[in-house]
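Reading the structure
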Amino acid sequence: MSDAVHSEIRIRPPSMPSRVAASFGRAGRKLADEPLGLAGFVILGLLCIVAIFAPLLAPYDPTIQALGDALQPPSLAHLAGTDEFGRDILSRLIFGTRITIQTVLSVSLIVGPIGLLIGVVAGFFGGNIDALLMRATDIVLSFPSLILALAFAAALGAGLGTAIIAISLTAWPPIARLARAEALVVRNADYVVAARLYGASPLRILLLYIAPMCIPSVIVRLTLNMAGIILTAASLGFLGLGAQPPAPEWGAMISNGRKFMLDYWWVAVMPGIAILLTSLAFNIAGDALRDILDPRHARS
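Small disclaimer: the values here were computed from a predicted structure and weren't measured.

**Description of a nonpolar patch on the surface**
- A cluster of nonpolar side chains, namely Leu38, Val42, Leu46, Ile49, Ile52, Phe53, Leu56 and Leu57, defines an oily patch on the protein surface of about 770 Å² accessible area.
- Every element with two or more residues in the nonpolar patch is listed here: helix 3 (35-52) and helix 4 (54-57).

Set out below in structure tokens:
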């Protein structure tokens, strides 16, 4: 083989850290041109700050009961009112941000690597491995995610940890299918063919050449899925299968306040507004990430 061919084959794509850093560098520059997406990221940043500094920001202890102040309407003393036990709803919403952020991040850190691994393995190897992994994925997708999460949570027992596991067991299939589709495209790229000719092992190609190219799309999908994770977690909390009392979980707060809806609307409406704003922020941020990281969806 000639030296020219050798030199052509030795040309490799940038390393994984440099590719990821370049992608996010371009994303940061383009985000300035997405004011709505930037607003979504700002809201998410504020939520993270609230979750970290909740003890400093909350005006009251979220668990201490004051029955003399029960069901007080929003006022200067209690900006979001109080619940049936006299607990300050704003303080409970602030501490509930911790539970929501913890749930979203935990589920994402579980389903992201699992879905990415299953998808790229299926797309890269194909054949029987692809068929087996995708049939397992189709089986999970055939069940409504909320119903399946309820079944897992009921079987594992109520609690925040089991709710995270239950949601994770139902949230990985869309990630896997997306990663598989990306892997099917990337595995035929010129630099992957060159790596094969150069003698790179399948594991090296999979981990260093294919999986990194699927990461931006997976991150976008995870961000868009976070709103669904919040709603599923709130549904489990509403049914008593999420974080247990007296933890200020937003879904459980809505469940406790539903019997007071007609006369004391703020007990259920305030946590509902928190869920709405947080889900909307994740959706807006996810749309902005899709436009920035995926050129097929980028605006002209």
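**Things to note about the environment of phenylalanine 53**
- You can see phenylalanine 53 is positioned in the loop between helix 3 and helix 4.
- By relative accessible area, phenylalanine 53 is classed as partly exposed at 39%.

**As for the nonpolar core**
- With 60 residues, the main nonpolar core has Ile89, Ile205 and Ile210 as its most contacted residues.
- When contributions to this core are tallied by element, the ones reaching two or more residues are helix 3, helix 5 (89-125), helix 7 (145-156), helix 8 (160-186), helix 9 (190-198), helix 10 (202-238), helix 11 (250-257) and helix 12 (266-293).
- At 14 residues, the largest contribution of residues to this core is made by helix 10.
- When sequence neighbours within four positions are dropped, the list of residues in contact with isoleucine 210 reads Phe124, Ala183, Val186, Arg187, Val192 and Ile205.

**As for the pattern of salt bridges**
- If you walk through the whole model with that rule in mind, you get six salt bridges.
- Note that aspartate 83 is salt-bridged to arginine 87, the shortest N-O span being 2.9 Å.
- On the accessibility criterion, aspartate 83 (5% relative accessible area) is buried.
- Judged by relative accessible area, which is 6%, arginine 87 ranks as buried.
- One continuous salt-bridge network, built from bridges that share partners, spans Asp83, Arg87 and Arg92.

**Section: empty space enclosed by the protein**
- Applying the stated criterion to the full structure yields three cavities of 30 Å³ or more.
- Considering the residues around the largest cavity, the lining is formed by 15 residues, among which Thr103, Ile230, Ala233, Ala234 and Glu249 are closest to the centre.
- If you list the elements that add at least two residues to the lining of the largest cavity, you get helix 5, helix 8 and helix 10.
- Partitioned by chemical class, the residues of the lining of the largest cavity number 11 nonpolar, three polar and one charged.

**Some details on the packing of helix 5 against helix 8**
- Between helix 5 and helix 8, the least distance of the axes is 6 Å, while the angle of their chain directions is 35 degrees. For the pair helix 5 and helix 8, the sense of crossing is right-handed.
- Class assignment for the residues of the contact of helix 5 with helix 8 results in 20 nonpolar, eight polar and one charged.

**Some remarks on the UniProt feature "transmembrane region" (unreviewed entry) in the protein chain**
- Listed under "transmembrane region" (unreviewed entry) in the UniProt record, and renumbered for this structure, are residues 36-58, 99-125, 146-171, 191-210, 222-244 and 264-286.
- Structurally, residues 99-125 is divided into 100% helix and 0% strand, and its ends, taken at the C-alpha atoms, are 39 Å apart.
- Secondary structure across residues 191-210 comprises 85% helix and 0% strand; the distance between its end C-alpha atoms is 10 Å.

**So, the packing of helix 7 against helix 10**
- With their axes 11 Å apart at the nearest point, helix 7 and helix 10 run at an angle of 50 degrees to one another. In terms of orientation, helix 7 lies oblique with respect to helix 10. The element helix 7 and its partner helix 10 pack so that their crossing is right-handed. Touching Leu146, Ala149, Leu150 and Ala153 of helix 7 are Thr232, Ser235 and Leu236, all from helix 10.
- A per-class count over the contact of helix 7 with helix 10 returns five nonpolar, two polar and no charged.

Rules used throughout
Residues numbered from 1 in each chain as written. Predicted model: local features only at pLDDT ≥ 70, side-chain atom pairs only at ≥ 80, totals over all residues. Heavy atoms only, no water. Patch = residues over 30% accessible without salt bridge, like charges linked within 9 Å, V, L, I, M, F, W, Y side chains within 5 Å. Areas by Shrake-Rupley, 256 points an atom, 1.4 Å probe, with all protein chains shown as cover. Salt bridge = Lys/Arg side-chain N within 4 Å of Asp/Glu carboxyl O. Helix = DSSP H or I, 4+ residues; strand = E, 2+ residues; numbered from the N terminus. Buried < 20%, exposed > 50% of the residue type's maximum accessible area, 1.4 Å probe, protein only. Core = buried A, V, L, I, M, F, W, Y, C linked by side-chain atoms within 4.5 Å. Contact = heavy atoms within 4.5 Å. 1 Å grid on protein atoms, 1.4 Å probe; cavity = no way out; pocket = protein on both sides within 12 Å on 5 of 7 lines; lining within 4 Å. Points joined across faces, edges and corners; volume = space filled by probe spheres on them. Nonpolar A, V, L, I, M, F, W, Y, C, P; charged D, E, K, R; others polar. Axes fitted to C-alpha atoms, helices over the stretch in contact; angles between N-to-C directions. Left-handed = near helix turned anticlockwise from the far one by under 90°. UniProt positions renumbered as here; feature names shortened; annotations may be inferred. Parallel < 35°, antiparallel > 145°, perpendicular 65-115°, else oblique.

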